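Architecture at a glance
Each chain is listed here by its residues.
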Amino acid sequence: MGNITGGGVIGGIAGGSYDAIEDCYNTGDINSSGDCAGGIFGENTSSGSETITNCYNKGVITGKYYTGGIAGNSVHSIINCYNINAISGTNYTGGIVGNISGSSSKIEKCYSTASTSGGTYVGGVAGYNNGATVNNCYNIADVKGRAKLGGVVGENTATITNSYNIGSVTGRSSSIEGYIGGITGKNTGTIAGCYYLENCAVTYNGTVQNGVGLNSVSTSATDVAGQTISVTSGQITSGEVAHALQNANTEMTWGQVSNMPGAYPILTDKEVYKVVTV
């Protein structure tokens, strides 16, 4: 695929989409001078129950407001999708989607392995979650921005469950704002069973943050039991986290290829990778 440069709503497959999208991929870089840029589509805000399923992005995505590896702005569910290249924008920037809205929408079994950077509302999976359910997702790459930064979601107003982040979450040196967290920067919704690498989230002045951020650069919030759980690199590589994530599912969802240094939980339906004991 070739590279795309322009303004307005831009996507590797479609700019604006009003139908379901399945089994698509993008390998070209996208550089937008406007809002709503995504590796698969820029914006999808039509009514209906269409989903984006089994898609991936390998291109570098650069935009302004609403920028994501799969979608810039969406009200529809995104399922079994992933991003493996750098995503950058101004506000509302996510490894999978910049902004997702709608109480019936969800981000399910998605992940990002490349850096996400922006200003405000920046997340490894979603920049802003406004009503959707984020479940069985993960991020393993750096998240950088000014405020409302999260390893999984920048700001969450709805639900995040059974997900994890091991990427660093870092506030810019020029920022005096907070809301920086290992899972989400700001939370007014529900979080359950989410894991993050200890000390992964840090404000511009070096203050370590926990799973959920505060509007502060000098203090940190206390993790609530069962909601955001800090884990060591040893707990990740041993398979302990993969085991816990899988136990929250009735079907095969999480596994791990090895327990060697650098190993981490993956989304898989193959029983051979299931962690039976830790």
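See the structure printed just above.
Scope of this entry: the structure provided in the associated data block. As the structure is a prediction and not an experimental result, all values here were calculated from the model.

Here is what the cut-offs are and how they apply
- Residues numbered from 1 in each chain as written.
- Predicted model: local features only at pLDDT ≥ 70, side-chain atom pairs only at ≥ 80, totals over all residues.
- Heavy atoms only, no water.
- Helix = DSSP H or I, 4+ residues; strand = E, 2+ residues; numbered from the N terminus.
- Rg over C-alpha atoms; globule rule 2.2 N^0.38 Å.
- Buried < 20%, exposed > 50% of the residue type's maximum accessible area, 1.4 Å probe, protein only.
- Contact = heavy atoms within 4.5 Å.
- Areas by Shrake-Rupley, 256 points an atom, 1.4 Å probe, with all protein chains shown as cover.
- Polar contact = N/O pair within 3.5 Å; in protein donor to acceptor, adjacent residues only side chain to side chain.
- 1 Å grid on protein atoms, 1.4 Å probe; cavity = no way out; pocket = protein on both sides within 12 Å on 5 of 7 lines; lining within 4 Å.
- Points joined across faces, edges and corners; volume = space filled by probe spheres on them.
- Nonpolar A, V, L, I, M, F, W, Y, C, P; charged D, E, K, R; others polar.
- Core = buried A, V, L, I, M, F, W, Y, C linked by side-chain atoms within 4.5 Å.
- Pairing = 2+ DSSP bridges.
- Arc of directions from axis to C-beta.

A few words now on the overall build of the protein chain. A tally of regular secondary structure across the protein chain gives 2 helices and 40 strands. Here the C-alpha atoms of the protein chain give a radius of gyration of 17 Å, agreeing with the 19 Å that 2.2 N^0.38 yields for 278 residues. Along the first, second and third principal axes, the C-alpha set of the protein chain runs to 45 × 45 × 35 Å. Expressed as a percentage of the 278 residues in the protein chain, the buried residues total 53%. Of all intrachain contacts in the protein chain linking residues separated by at least 6 positions in sequence, the fraction that spans at least 24 positions is 74%. For the protein chain, the computed accessible surface area is about 10,600 Å², with 47% contributed by carbon and sulfur atoms.

Let's shift gears to the side chain of Ser-112. Relative to the elements of secondary structure, Ser-112 occurs in strand 20 (residues 111–112). Residue class for Ser-112 comes out buried when judged on its relative accessible area of 0%. Of note is the side chain of Ser-112, whose polar atom sits 3.2 Å from the side chain of Asn-83. The residues touching Ser-112, leaving out its near neighbours within four places in the chain, are Asn-83, Gly-95, Gly-124, Tyr-138, Asn-139, Ile-140 and Ala-141.

When its volume is computed, the largest pocket comes out at roughly 250 Å³. Lining the largest pocket are Asn-54, Asn-80, Cys-81, Tyr-82, Lys-109, Tyr-111, Met-252, Thr-253, Leu-267, Thr-268, Asp-269 and Lys-270. Residue composition of the lining of the largest pocket, grouped by class: 5 nonpolar, 4 polar and 3 charged.

Once that is clear, we can look at the environment of Thr-45. Here Thr-45 shows up in the loop between strand 8 (41–44) and strand 9 (51–53). The exposure class assigned to Thr-45 is partly exposed, which follows from its relative accessible area of 43%. If near-sequence neighbours (up to four positions away) are discounted, Thr-45 is found in contact with Asn-73 and Val-75.

Another aspect to go through is the environment of Ile-30. Inspection of the secondary structure assignment puts Ile-30 in strand 6 (residues 30–32). Ile-30 sits in the buried class, given a relative accessible area of 1%. The residues touching Ile-30, leaving out its near neighbours within four places in the chain, are Ile-4, Ile-10, Gly-11, Gly-12, Gly-38, Gly-39, Val-60, Ile-61 and Thr-62.

In a soluble, globular protein the nonpolar side chains are often hidden away together inside. One finds Ile-52, Ile-78, Ile-96, Val-97, Ile-107 and Ile-160 to be the most contacted residues of the largest nonpolar core, which totals 33 residues. When residues of this core are traced back to their parent elements, those giving at least two are strand 18 (97–101) and strand 35 (194–197). In terms of nonpolar packing, the next biggest core, distinct from the first, is built from 10 residues, Tyr-164, Tyr-195, Val-241 and Leu-245 among them.

Glancing now at the sheet that holds strand 16 (residues 87–88). Pairing is mixed across the open sheet formed by 9 strands, whose spatial order is 1-6-11-16-21-26-31-36-37. Looking at which strands have only one partner, the edges of the open sheet turn out to be strand 1 (4–6) and strand 37 (208–209). Across 2 bridges, the pairing between strand 21 (residues 116–117) and strand 26 (residues 143–145) is parallel. Of the residues in strand 26, the one forming a bridge with Ser-117 is Lys-144.

With that settled, consider helix 2 (residues 240–247). Looking only at helix 2, the buried set comprises Val-241, Ala-242, Leu-245 and Gln-246. Along the axis of helix 2, the buried residues cluster in a sector spanning 130°; they form a single face. Taken together, the buried residues of helix 2 touch strand 30 (164–165), strand 35, strand 38 (228–231), helix 1 (233–237) and strand 39 (254–255).

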